[in-house]
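Inside the fold
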Amino acid sequence: MAAAPLPQLATDVRDGLILLLPDLPGLPDTARPKRLAQALGLPSDALTPEALLARLALPSAAAPGDLWPVLVDLLRTAVRGATRATPNWSLVIENVLRAGPTGVEPLGTTLPPVLNLTFRLSDTLGLVPGLSVRDGIGLVLALPTLAPENSTLAFRADGLELALADHELLKLLAPDGLSLKGSLGVHLDGKGLRLDGGSNGKGIALPLDRAPAGLRAPSLYVASHDGGLQLTTSFRASLLGVADAAVDGVGLEIRPTAGGYTPSIVPPKGLGLSLALGPAKGGGFLGEQDGQYRGALSLSLGPVEVKAFGILQPRPPSVLVALSAEFTPAIELGLAFTLNAVGGLVGVGRALDRAGLAAAVQSGHLDDLLFPADAAAAAPRILTTMGTVFPARAGSTVVGPMFRVGWGRPVSFVTADVGVVLELPSGVVGLLGRLRIALPAPQAPVIDLRASVAGVVDAADGLVEINANLAGSRLLTAPVEGGLALRAKSGQDATFILSAGGFHPRYTPPAGFPTPKRLTIPIADSPFLKVVFSGYFALTPGTVQAGAELSAVIGTSGTGVSGRLSFDALVRWEPSFGVMLDLSGSFALRVAGETLCSVGLRVHVDGPTPCWHVAGRASVSFFFFDVSFPFDEHWNCTGQAVAPTPPDVCRALEQALDDPRSWEPVLPDGVRTMVSLRADGVAAGRLLHPLGRVRFSQRTVPLGIEVVRFGPGRLPEATAFDVAVTFPTGAGTSQPVTEDFARADFFDLTDDQKLTQPAFERFRSGAELTPPPTAGSATRTTVPVEYETKWLGGTAPAPPWLISEAALETALSHGAVGRSLVHELSTRYTTPPRQPVLKERAYALASRDTLKAQTGFLSTFTEAAAKLGDTAGGPGLLQIVPAYEVRP
């Protein structure tokens, strides 16, 4: 059986010295280091610090002993990479010999009873970045010459310094950097490894000699970790002067790599906070997760208890805090209204995510952002929801108040939670709301209806989005579910979509639009009778959609009767009112798990124009007989749809020309009006700036493009309408003006096209006229200047008293306008116009296989569709795609 590593080392050293000592004094000085290295069993014949450390790095199978070889090997790596060519070192065997960089000096020829071998490095030694030894390192081998099994090996590093300066959180707690200095003592004997200092599960606590000012009760721990070392610290410090923070687990992890060791900072595992700021007292805890610190706080503001949740992200720096305080009893507002709670949300380096907000509503987690019922139990989910709805974004800030209002006596059986969140600098406003009706009392409700509502108002993009959900609602003991979503947008991609409970199965919602949950109401819910109703309603610019399903089960799953009825309807308005309706129903009778009879029916109805059309299939199953037959019928067919009287589009266009609202004066680029003019005596107030332009724009019909419809009416033939707007002399320049038009009001679109193609497009709606430069011979109109005169001081002359025209012109240069900087510099009309930053929407005909453009880009979908129809074989080989989807 092989000897234990330490006694074997002691035996080998003793035997080697016994043979060397009698001959050592007679050896030449140059031969002594090599003979001593051989006697000590060094891995090379050179007597060097690295070789001595390699000899003393004893492997051990015991888990506590894993720390010893790592420590010594870390010293070897540091010595090998030291900046000094020959580190200062010494090797002393008491009363036997002394060795160092200059040579070996014999002190005796016999071994004492206890052999004490001391190896020491006296230089400051950097182990890895962030960890160094300032006051030297010593290793002592104590060897009883007659009993090697009682040998001990001690290691001591005085002035071990841990310095961390690159962690963002530490910079908040210790602005001058975290630097802890202590001593590390390790003893290895037959019983195993022992370190100086107590152990508490974090490692071995090292005695500290120095810590930065401001840190209270600092501690430093060392432990072996994954073949390396981990040095961690805990301390208390002030956080931004408003709270006291207790930090645990921050430090340095040293891992072995090829040819050396690599350090990495260990972030704090937790951050405890205690706050005593004026009347606010409390505390909480932040835990590390994915590079962020998340946690909850509980504060006391006198008689009010405040709950807070926070997310602190060091890089990029951001902080998000949500506060809520409930009043017990509630504050009376009058008329049975009460103020039950207030709160607020502040986020620096945080933004509002629309998709995350919609997802929070649909999942029923919007309550986490307002006033959560059980904050302690739901804290992890609340923090996750906060991070999803308000993600980190540099340069952005979110802030807003929240409050809860109740109504009812003696308790509030109606409560409304409202929150308004403003995102800066974008100006986007987020609306958070929750309504609960709990009858007869919230503690034991028979009817409990809960609606969560969230919305976004983006004035810059002309966007309004609202999402609502009935998650958590109950009627008696049955749950009630459903949702609503609204999106209204103006501008180039204008649209309007409203959905309550979902969409028609053949409709594909726009990207990013959430599909609300079906409105589901359990009419009966018992073990032997289940009746459930579900439905939806949707409104888009080209369609009206509705659907419902009623299902019933009487009995059990093995024996009983079940049935269902459903419909999906799409309402159209062309060429006259009509619907497309899909009906389905089924009935089944089961006994002991076997179906005795069943009936099924599917019906498609389309009408009333150009005729009624009904098609479908019916099936009957009875015992061993199955009968199924289809049907397809038409009646009241006129051959063509009976269209109403063709609309008089020209007359409507003439009315738009006469409508003052179709005409708008346009100021010069970059100019604002300096005064407001009253339009007395001027028809409909049509006042034009002397340097400006005039714009005519109408939304009656698109100009310059053939249309076949006008609202619900059809034109006798495809017609293009146009309006020529010019100055009387024909001078000046004209530029086209565009507006958004609903395509379904002017073109023939199938039901599928209404569901899948753009609802609005920009077409030419008029013109903007720029007058020619004014000629010197142009006609000028003189308007008398009327003014009001006040006499200040003294006795006023008898009225009427008017200042002369010459005196008025002299006084104008001394007035407020004449002395203004704008007038003096004459820069009022030289502001450069703003250049557009968004590209206009465009379409192209692209290959269905490669998505490579086969034609140039077209400005509207309608133009692209017309070109596709004129291209031979185009519909089979090409498709219309937006410009951003075309492959180069």
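Residues numbered from 1 in each chain as written. Predicted model: local features only at pLDDT ≥ 70, side-chain atom pairs only at ≥ 80, totals over all residues. Heavy atoms only, no water.

Let us look at the overall build of the chain. The number of helices and strands found in the chain is 13 helices and 47 strands. Looking at the chain as a whole, 39% of its 888 residues qualify as buried. Here the contacts in the chain between residues at least 6 apart in sequence split such that 52% fall between residues at least 24 apart. In the structure as shown, the chain presents an accessible area of about 47,500 Å², 60% of it carried by carbon and sulfur atoms. (Helix = DSSP H or I, 4+ residues; strand = E, 2+ residues; numbered from the N terminus. Buried < 20%, exposed > 50% of the residue type's maximum accessible area, 1.4 Å probe, protein only. Contact = heavy atoms within 4.5 Å. Areas by Shrake-Rupley, 256 points an atom, 1.4 Å probe, with all protein chains shown as cover.)

Strand order in the open sheet formed by 4 strands is β40-β41-β45-β44, with antiparallel pairing between adjacent strands. The sheet is open, and its two borders are formed by β40 (663–666) and β44 (733–742), each paired with just one other strand. Put simply, the sheet's adjacent strands are angled 30° from each other on average, direction ignored. Both β40 and strand β41 (residues 693–697) contribute to a ladder of 4 bridges, which runs antiparallel. Across the sheet, residue W663 finds its bridge partner in β41, namely F696. (Pairing = 2+ DSSP bridges. Axes fitted to C-alpha atoms, helices over the stretch in contact; angles between N-to-C directions.)

Running from N to C, helix α1 (residues 5–20) and helix α2 (residues 32–40) cross one another at 140°; their axes reach a closest spacing of 7 Å. From α1, D12, V13, G16, L17 and L20 reach across to α2, where they touch R35, L36, A39 and L40.

Per the stated rule, a full pass over the model turns up 17 salt bridges. In this structure, the salt-bridge partner of R695 is E664, at a minimum N-O distance of 3.9 Å. With R695 in strand β41 and E664 in strand β40, this pair connects stretches of sequence that are 31 residues apart. Of the charged contacts in the structure, one is a salt bridge between D722 and R764, with a shortest N-O distance of 2.8 Å. With D722 in the loop between β43 (713–720) and β44 and R764 in strand β45 (residues 760–770), this pair connects stretches of sequence that are 42 residues apart. Judged by relative accessible area, which is 26%, R764 ranks as partly exposed. Several salt bridges converge on common partners, so that one network encompasses E664, R693, R695 and E768. (Salt bridge = Lys/Arg side-chain N within 4 Å of Asp/Glu carboxyl O.)

With that out of the way, let us pick up a nonpolar patch on the surface. On the surface, a cluster of nonpolar side chains totalling about 560 Å² of accessible area is made up of F403, V418, V420, L431, V453, V457, V464, I466 and L484. At the level of secondary structure, the elements contributing two or more residues to the nonpolar patch comprise β24 (414–424), β26 (447–458) and β27 (463–469). Locating V464 in the fold gives a position in strand β27. (Patch = residues over 30% accessible without salt bridge, like charges linked within 9 Å, V, L, I, M, F, W, Y side chains within 5 Å.)

This next bit is on the environment of T110. In this structure, T110 sits in the loop between β3 (103–106) and β4 (114–121). By relative accessible area, which is 56% here, T110 ends up exposed. T110 has contacts with L21 and V96, leaving out every residue within four places of it along the chain.

Let us now look at helix α6 (residues 354–362). Regarding α6, the residues found buried are G356, L357, A358, A360 and V361. Looking at the buried side of α6, the elements it contacts are α7 (379–389), β25 (429–439), β26 and β27. The N-cap of α6, judged by a side-chain oxygen 2.5 Å from the amide nitrogen of G356 a few residues on, is D353. (Polar contact = N/O pair within 3.5 Å; in protein donor to acceptor, adjacent residues only side chain to side chain.)

What follows deals with the side chain of N467. Considering the arrangement of structural elements, one finds N467 in strand β27. Setting aside residues no more than four positions away along its own chain, N467 makes contact with A358, V361, S452, V453, A454, L484, A485 and P514.

This part takes up the packing of aromatic side chains. Enumeration according to the criterion identifies 7 aromatic pairs in this entry. Aromatic side chains F741 and F763 sit 6.4 Å apart centroid to centroid with 50° between the ring planes, which places their arrangement in the tilted category. Linking F741 in strand β44 with F763 in strand β45, this pair joins segments that are 22 residues apart in sequence. Through a chain of ring-to-ring contacts, three or more aromatic side chains come together here, namely F710, F741, F746, F747 and F763. (Phe/Tyr/Trp six-rings, centres within 6.5 Å; stacked < 30°, edge-to-face > 60°.)

Our next topic: the side chain of R350. Mapped onto the elements, R350 comes out in strand β22 (residues 337–350). Within the structure, the side chain of R350 is placed 2.9 Å from the backbone oxygen of F390, a separation counted as a polar contact.

As a further point, take the packing of α6 against α7. Packing of α6 against α7 brings their axes to within 7 Å, and their N-to-C directions diverge by 145°. Of the residues in α7, those in contact with G356, L357 and A360 of α6 are T385, T388 and V389. Looking at side-chain class alone, the contact of α6 with α7 contains 3 nonpolar, 3 polar and no charged residues. (Nonpolar A, V, L, I, M, F, W, Y, C, P; charged D, E, K, R; others polar.)

Pairing between strand β36 (residues 578–591) and strand β37 (residues 594–607): 13 bridges, direction antiparallel. In the sheet register, L583 faces β37, and the bridge partner there is V603.

Here we come to unusual backbone geometry. The peptide bond linking L424 to P425 adopts the cis configuration, its omega dihedral lying at 5°. Along the chain, P425 falls in the loop between β24 and β25. Phi is positive for N95, close to 65°, though the residue is something other than glycine. Mapped onto the secondary structure, N95 falls in the loop between β1 (89–93) and β2 (97–100). Judged by its relative accessible area of 54%, N95 is exposed. One non-glycine residue, L851, lies in positive phi territory at about 60°. Summarising the element assignment, L851 is placed in the loop between β46 (843–847) and α12 (861–870).

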